[in-house]
Every structure is written in C-alpha cells, then in structure tokens.
Amino acid sequence: MQSQATDAELRAALQLRQAHQSGQPCAPVRTLLADSDLDSAYRVQQLNSQYWQEQGRRLVGRKIGLTSKVVQTQLGVDQPDFGALFADMAIAEGEEIPFAAVLQPKIEAEVALVLEQDLAMEQPTLADLLRATAFALPALEVVGSRVANWDIRIVDTVADNASSGLYVLGGKPTLLSQVDLKLCGMTLSRRGEPVSTGAGVACLGHPLSAALWLAKTMVRHGQPLRAGDTILTGALGPMVPVQAGDVFDCEISGLGSVRASFGTN
C-alpha cells in the first residue's frame, strides 16, 4: 500500500499536470521532492495516474524506461523505471501525430509485448512471463518531458510518468517462439536515412528481462500486470529528437516494421 501523499508531492503532481494541460514545460519537480526519493516520485506519478483515470482515461499497460546502462549512469541509478500507458497515447500506424501533441518529443524503437494472462503471482518467473505473453510487436515510443529543456534527474522522470508521450505499434503480431528478442537487430530511419541502430541485447540484456523486472515490480506496487496489457519494454537504440514533419520507419529483425509520421504543428 502506498502511504498518503505529502503536500510537496501534491504540488509536484499538480505542476506536472498543468504543464501537460497547458503545453508549457515546467521547472524540475526535484526542487519539491528529495533528490533520490523514488518512492516519493512514484507517489507523484500515481497521483496523476489516478487523476487521469478519474477523468476517463483508460489504463492499457506500462512502459519501461532507463533500460540503457549508459542512461542509468547519467541519472545515477542502477535500475529501470516504469510509467503508465493510456489508451489515448496509442496512435494507429498511418495516423499523423500532431507535432505539438508531445512536449519536447524524441523517438525510440522498442519491442512491445501484449499479455493474454495476468501476472499477479508473487515473484513471477520468466516461464510465467513467457506463458502469459500472447505476442510481440515492433513499436515506436514518442517520449517527451513536461520538464523544461529535459533538465531531469531520476525523480523528475519517474514523477513525470517516466517521460511518457505517445506510442505506435506495428500491426503484425509475432509469437515469442518465432523470434529471438535478444539478438534481433533494429534500424530506425528518418525519411530513409538511418538515425539509430541497436539490438535486443541493449535493453537490459534482453527485452524479456526488462519485462520480467516490470512484472515483479508491479506486483510489489500492488498493481500487477493484467491480461490485455501492452508493455513497452525499453529502447533498443539511442533516442532521436523529433522535428516537425518528420517521418520515421523502424525495422526490427523477426518482428517487422512500424512507421510514425509527424505533422508540422
């Protein structure tokens, strides 16, 4: 059970929410929270998640961030983080994304998993995860920050729903038995020019390792992963800044392709 939110946490949640609603980035919330208090940051995240659900937004899964060891080192942490995915964050492939829809957007390629069984047991195992997963999809995540100039440390990004934005899923589901997610190669191109490359091994050593970390973590938080949930397992290569009018194509070996197109405003 989460403890009751403090006044500082309530203020931080409101600050981030107002930045989201106004389209104007805010100051870092670490000025309100203890600099390394992840529990406090997750309470801020949950305050806003609960608020959005009360406003009618539908929770459809989770995203994993900070799966790169380099980024973890930059932010002074030794573990990933997670955020909530809502139905209105899912963009259909072929649908143009308004450039202003995400503050300070960047894009990264990921493996998405879709569950067909709950993962509510204590200490879920890799076997449990494999059995619970219906299929994998290629995905593009458009990350963003409500914090001005991406001036973030760990508590800022955790409180800010793991710097979430929008995501696009490819439309060809693949069974886990038909793909090696550890060795799958990824190329992300902007209008035909490669701008990011990577592989499954860059995501905590294996996208399934990231997903298993999430499954265990969500059980500890009392919010286990459920059948139907989408999991964005984390970046396979470096993030790329997005400019108005950009078109990105991603190819992940064994999973296929996915495209994201941005408008000019």
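Residues numbered from 1 in each chain as written. Predicted model: local features only at pLDDT ≥ 70, side-chain atom pairs only at ≥ 80, totals over all residues. Heavy atoms only, no water.

## A closer look at the overall build of the chain
(1) Moving on: What the chain contains, in helices and strands, is six helices and 12 strands.
(2) Moving on: By its C-alpha atoms, the chain is 50 × 45 × 35 Å across when sized along the principal axes.
(3) Moving on: Residues counted as buried form 54% of the 265 residues belonging to the chain.
(4) Moving on: Of the contacts made within the chain by residues no fewer than 6 positions apart, 75% connect residues no fewer than 24 positions apart.
(5) Moving on: Summed over all atoms, the accessible surface of the chain reaches about 11600 Å², with 50% contributed by carbon and sulfur.
(6) Moving on: When the 21 basic and 28 acidic side-chain charges of the chain are each reduced to a single mean position, those positions are 1 Å apart. (Helix = DSSP H or I, 4+ residues; strand = E, 2+ residues; numbered from the N terminus. Buried < 20%, exposed > 50% of the residue type's maximum accessible area, 1.4 Å probe, protein only. Contact = heavy atoms within 4.5 Å. Areas by Shrake-Rupley, 256 points an atom, 1.4 Å probe, with all protein chains shown as cover. Lys, Arg positive; Asp, Glu negative; His and termini not counted. Charge placed at Lys NZ, Arg CZ, Asp CG, Glu CD.)

## Some details on the state of the cysteines
(1) Moving on: According to the stated counting rule, one finds zero disulfides in the structure shown.
(2) Moving on: Free of any disulfide, cysteine 184 has its nearest neighbouring cysteine sulfur in cysteine 203, separated by 9.3 Å.
(3) Moving on: Free cysteine: cysteine 250, not disulfide-bonded; nearest cysteine sulfur from cysteine 184 at 9.4 Å.
(4) Moving on: For cysteine 250, a relative accessible area of 1% gives the class buried. (Disulfide = S-S within 2.5 Å.)

## Remarks on the pairing of strand β11 (residues 247-252)
(1) Moving on: Of the strand pairs in this sheet, strand β7 (residues 185-190) and β11 are connected by five bridges, and their pairing is antiparallel. By the bridge assignment, serine 189 is partnered in β11 with aspartate 249.
(2) Moving on: As paired elements, β11 and strand β12 (residues 256-261) share six bridges and run antiparallel to each other. Within the sheet, the bridge partner assigned to aspartate 249 lies in β12 and is arginine 259.
(3) Moving on: Where β11 hands over to β12, the hairpin turn is made up of three residues, of which glycine 254 adopts a positive phi near 90 degrees. (Pairing = 2+ DSSP bridges.)

## Observations concerning helix α6 (residues 207-220)
(1) Moving on: Here α6 is 14 residues long and its end C-alpha atoms lie 20 Å apart, about the 20 Å a rise of 1.5 Å per residue gives.
(2) Moving on: For α6, a buried count of 11 out of 14 residues is recorded, marking the element as mostly surrounded by other parts of the structure.
(3) Moving on: Along α6, the residues that are buried comprise Pro207, Leu208, Ala210, Ala211, Leu212, Trp213, Leu214, Ala215, Thr217, Met218 and Val219.
(4) Moving on: Looking at the buried side of α6, the elements it contacts are β1 (59-65), β2 (81-86), β4 (106-115), α4 (126-132) and β9 (230-235).
(5) Moving on: In the stretch just after α6, glycine 222 is the one whose phi turns positive, near 75 degrees. (Expected span 1.5 Å × (residues − 1).)

## Quick notes on the sheet that holds β11
(1) Moving on: Taken in spatial order, the four strands of this open sheet run β8-β7-β11-β12, and their pairing is antiparallel. Because the sheet does not close on itself, it has two edges, and the strands there are β8 (193-199) and β12. If you compare each strand with its neighbour and ignore which way they point, the axes differ by 15 degrees on average.
(2) Moving on: In terms of strand pairing, β7 meets β8 through six bridges, oriented antiparallel. When the bridges of β8 are listed, methionine 186 appears paired with glycine 198. (Axes fitted to C-alpha atoms, helices over the stretch in contact; angles between N-to-C directions.)

## With respect to the UniProt feature "domain: Fumarylacetoacetase-like C-terminal" (unreviewed entry) in the chain
(1) Moving on: If you check UniProt for "domain: Fumarylacetoacetase-like C-terminal" (unreviewed entry), the listed places come out as residues 79-260 in our numbering.
(2) Moving on: The annotated region residues 79-260 carries 15% helix and 36% strand content, and the separation between its end C-alpha atoms amounts to 29 Å. (UniProt positions renumbered as here; feature names shortened; annotations may be inferred.)

## Points about the pattern of salt bridges
(1) Moving on: Here the structure, examined in full by the defined rule, presents 10 salt bridges.
(2) Moving on: One salt bridge connects aspartate 156 with arginine 30, and the closest N-O pair in it is separated by 2.7 Å. Here aspartate 156, found in helix α5 (residues 154-159), pairs with arginine 30, found in the loop between α1 (7-22) and α2 (38-54); they are 126 residues apart in sequence, far enough to count as distant. The same class applies to aspartate 156 and to arginine 30, which are both buried.
(3) Moving on: Ionic pairing is found between aspartate 118 and arginine 226, a salt bridge with its closest N-O pair at 3.1 Å. Of the two residues, aspartate 118 is situated in the loop between β4 and α4 and arginine 226 in the loop between α6 and β9; the sequence distance between them amounts to 108 residues.
(4) Moving on: Since its relative accessible area comes to 37%, arginine 226 is described here as partly exposed. (Salt bridge = Lys/Arg side-chain N within 4 Å of Asp/Glu carboxyl O.)

## Here's the deal with unusual backbone geometry
(1) Moving on: Phi angles above zero are rare outside glycine, and asparagine 161 is one such case at about 55 degrees.
(2) Moving on: Within the secondary structure, asparagine 161 sits in the loop between α5 and β6 (166-169).
(3) Moving on: When its relative accessible area of 14% is taken as the criterion, asparagine 161 is described as buried.
(4) Moving on: Not every positive phi belongs to a glycine, and alanine 162 is a case in point at roughly 55 degrees.

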